[in-house]
Amino acid sequence: MTLLSFDKPDQLREFFFAMIESIPGGLLLADRQGQLLAANRQAATLLGFAGASIQGRSCWDLLGRTLGLEAAAMLPLGRAGGKMMVDQATPGEAGHRYLLIARNELQSPFFGVGGFFLSLEDVTYPAMVEPHLDRCRRFAAIQDMAVSLSQELRNPLGGLELYASMLRRDLGEDPDYQRLTNQMLAAIRTMNHLLDNTLTFAAQPRPEKRGVVIRSWLERVLAALAPLGEAAGVDFLTTYNHRLEEIVADPGLLEQMLLNLGMNALESMEGAGTVELSTRSLEAGGGRPAMLEVRLLDRGRGIAAGDRDKIFDPFFTTKKGGKGLGLAIVHHIVESHRGFIRVDSEPGAGSVFTVLLPY
């Protein structure tokens with residue numbers, strides 16, 4: 001028997017192909033642009049291209065031709081974690097076949113390689129199909145509702161913000177009136193932020209990256225948080241130690257991420273106090289690229305050990321009677337930028353959220 005050696009490229013390649021052939025479901029492996037790199041026998045059987053070459057073919061072209069799908073129908077597979085159910089006619093047989101197709105990202109923290117794979121599973125058995133289709137229909141309804149709700153509420157909220165700003169101007173310098181109008185404006189901005197969160201959760205947009213000046217990004221968010229902090233009696237302190245001035249990222253998503261973290265910090269505070277924001281640059285090394293570290297420290301109520309693994313789950317919250325999306329969206333935005341997030345916390349001692357983003 002020949003011993004496998006991972007130092008020999010031909011044996012490593014043979015092991016790789018044997019591994020994907022042994023997977024019981026169908027698998028299509030593609031690079032970041034969607035060009036096919038490999039497909040196992042089960043995928044060829046499910047899609048009906050057995051014996052055909054995949055060299056130079058796009059996975060989207062292959063799915064479109066074999067399953068009769070339009071480009072718009074495949075949009076759910078354009079993002080990490082996307083899933084779709086395909087109702088496939090079966091010539092010569094009664095009924096239909098249902099294929100569940102899911103996308104998973106491939107990336108290495110040590111090498112500059114990446115891509116994704118599409119898993120294909122025959123889930124024709126009705127007990128498996130119907131619950132999934134029902135979930136898909138309900139989630140699509142939630143997406144439509146989120147868009148409609150946002151459109152319906154934006155205009156009245158914009159009017160309320162305008163009137164509150166006029167009241168603050170016309171009521172002069174009376175501190176009681178100023179405090180009242182500041183609280184009104186803070187509540188309106190919170191509502192706008194919740195609408196943004198709902199839309200982001202429903203759409204899960206892909207980042208549109210460009211150069212972002214780090215300090216300008218942070219100070220824009222802090223300016224938006226200032227009225228909320230003032231209403232809660234909380235000050236934001238900053239320490240900037242990053243060396244590279246720009247990061248390549250989606251500026252809108254970065255602002256939403258930090259706004260969510262800042263509001264989470266404010267909500268965790270029990271009374272007046274401070275929230276500290278700090279940055280530093282981490283050099284590339286050990287297979288890791290150069291990264292920007294952003295830390296947000298609050299001295300609020302902290303997070304119980306049993307809750308730390310759940311805080312990034314959608315709708316999980318430690319607030320009594322609340323439903324949270326903010327930290328789930330933070331996690332999605334960080335992950336979509338190929339970054340990392342960590343939380344360190346002790347009940348009664350506050351929390352530190354550390355975000356690492358590649359330059």
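Up top is the structure these notes are about.
To keep things clear, this report deals only with the structure shown in the data block.

### Quick notes on helix 6 (residues 214–232)
The end-to-end C-alpha distance of helix 6 is 26 Å, a good match for the 27 Å that 19 residues give at a rise of 1.5 Å each. Roughly 40 degrees is the biggest bend found in helix 6, and it falls at leucine 225, with proline proline 227 one to four residues downstream. Those residues of helix 6 that fall on the buried side of the exposure criterion are Ile214, Trp217, Leu218, Val221, Leu222, Leu225, Pro227, Leu228 and Gly229. Glycine 233 sits one or two positions beyond helix 6 and adopts a positive phi of about 75 degrees.

### Section: the nonpolar core
Grouped together as the largest cluster of nonpolar side chains are 42 residues, with contacts concentrated most on Trp217, Leu225, Ile247, Met257 and Phe353. Broken down by element, this core gets its largest block of residues, nine residues, from helix 7 (residues 251–268). If sequence neighbours within four positions are ignored, methionine 257 has contacts with Trp217, Val330, Ile333, Val334 and Val355. Formed by 23 residues, the second largest nonpolar core is a distinct cluster that contains Ala43, Leu62, Leu77 and Phe116.

### Re a nonpolar patch on the surface
The grouping of Leu167, Leu171, Tyr177, Leu180 and Met184 at the surface amounts to a nonpolar patch, some 410 Å² of accessible area in total. At three residues, helix 5 (residues 175–203) tops the list of elements feeding residues into the nonpolar patch. Following the sequence through the fold, leucine 180 ends up in helix 5. For leucine 180, a relative accessible area of 44% corresponds to the partly exposed category.

### Overview of the packing of aromatic side chains
Under the criterion given, the structure shown has one aromatic pair. For the pair tryptophan 60 and phenylalanine 116, a centre-to-centre distance of 5.7 Å together with 20 degrees between the ring planes defines the contact as stacked. With tryptophan 60 in helix 3 (residues 59–67) and phenylalanine 116 in strand 5 (residues 114–122), this pair connects stretches of sequence that are 56 residues apart. A residue is classified by how much of its surface remains accessible, and phenylalanine 116, at 1% relative accessible area, is buried.

### Some points on the pairing of strand 9 (residues 273–282)
Inspection of the sheet shows strand 7 (residues 234–241) paired to strand 9 by eight bridges, in the parallel sense. In the strand pairing of strand 9, tyrosine 240 is matched with threonine 279. As paired strands, strand 9 and strand 10 (residues 291–298) are joined by eight bridges and run antiparallel to one another. Bridging across to strand 10, serine 278 finds its partner in arginine 295.

### Concerning the sheet that holds strand 12 (residues 350–358)
The sheet built from five strands is open, its strands ordered 7-9-10-12-11 with mixed pairing. Each of the sheet's edge strands pairs with one partner strand only, and the pair in question is strand 7 and strand 11 (340–346). For this sheet, the mean angle separating the axes of adjacent strands, direction not counted, is 15 degrees. The strands touched by helix 6 are strand 7, strand 9, strand 10 and strand 12; relative to strand 7, the strand with the most contacts, the crossing angle is about 165 degrees.

### Brief notes about the side chain of histidine 242
Looking at where histidine 242 falls in the secondary structure, it is placed in the loop between strand 7 and strand 8 (246–249). A relative accessible area of 9% means that histidine 242 is categorised as buried. A polar contact is formed between the side chain of histidine 242 and the side chain of threonine 279, at a distance of 2.7 Å. Ignoring any residue separated from it by four or fewer positions in sequence, one finds histidine 242 in contact with Ile214, Arg215, Thr279, Arg280, Ser281, Leu292 and Tyr359.

### A few points about unusual backbone geometry
Unlike most non-glycine residues, arginine 338 shows phi in positive territory, near 60 degrees. Following the sequence through the fold, arginine 338 ends up in the loop between helix 8 (326–336) and strand 11. For arginine 338, a relative accessible area of 29% puts it in the partly exposed group.

### Side note on the packing of helix 6 against helix 7
Between helix 6 and helix 7, the least distance of the axes is 10 Å, while the angle of their chain directions is 35 degrees. Along this stretch, helix 6 crosses helix 7, giving a crossing that reads as right-handed. Residues Trp217, Leu218, Arg220, Val221, Ala224, Leu225, Leu228 and Gly229 of helix 6 lie in contact with helix 7, whose contacting residues are Leu254, Glu255, Met257, Leu258, Leu259, Gly262, Met263 and Leu266. Classifying every residue of the contact of helix 6 with helix 7 gives 12 nonpolar, two polar and two charged.

Definitions and cut-offs
Residues numbered from 1 in each chain as written. Predicted model: local features only at pLDDT ≥ 70, side-chain atom pairs only at ≥ 80, totals over all residues. Heavy atoms only, no water. Helix = DSSP H or I, 4+ residues; strand = E, 2+ residues; numbered from the N terminus. Expected span 1.5 Å × (residues − 1). Bend = angle between axes of the 7 residues up to and from the residue. Buried < 20%, exposed > 50% of the residue type's maximum accessible area, 1.4 Å probe, protein only. Core = buried A, V, L, I, M, F, W, Y, C linked by side-chain atoms within 4.5 Å. Contact = heavy atoms within 4.5 Å. Patch = residues over 30% accessible without salt bridge, like charges linked within 9 Å, V, L, I, M, F, W, Y side chains within 5 Å. Areas by Shrake-Rupley, 256 points an atom, 1.4 Å probe, with all protein chains shown as cover. Salt bridge = Lys/Arg side-chain N within 4 Å of Asp/Glu carboxyl O. Phe/Tyr/Trp six-rings, centres within 6.5 Å; stacked < 30°, edge-to-face > 60°. Pairing = 2+ DSSP bridges. Axes fitted to C-alpha atoms, helices over the stretch in contact; angles between N-to-C directions. Polar contact = N/O pair within 3.5 Å; in protein donor to acceptor, adjacent residues only side chain to side chain. Left-handed = near helix turned anticlockwise from the far one by under 90°. Nonpolar A, V, L, I, M, F, W, Y, C, P; charged D, E, K, R; others polar.

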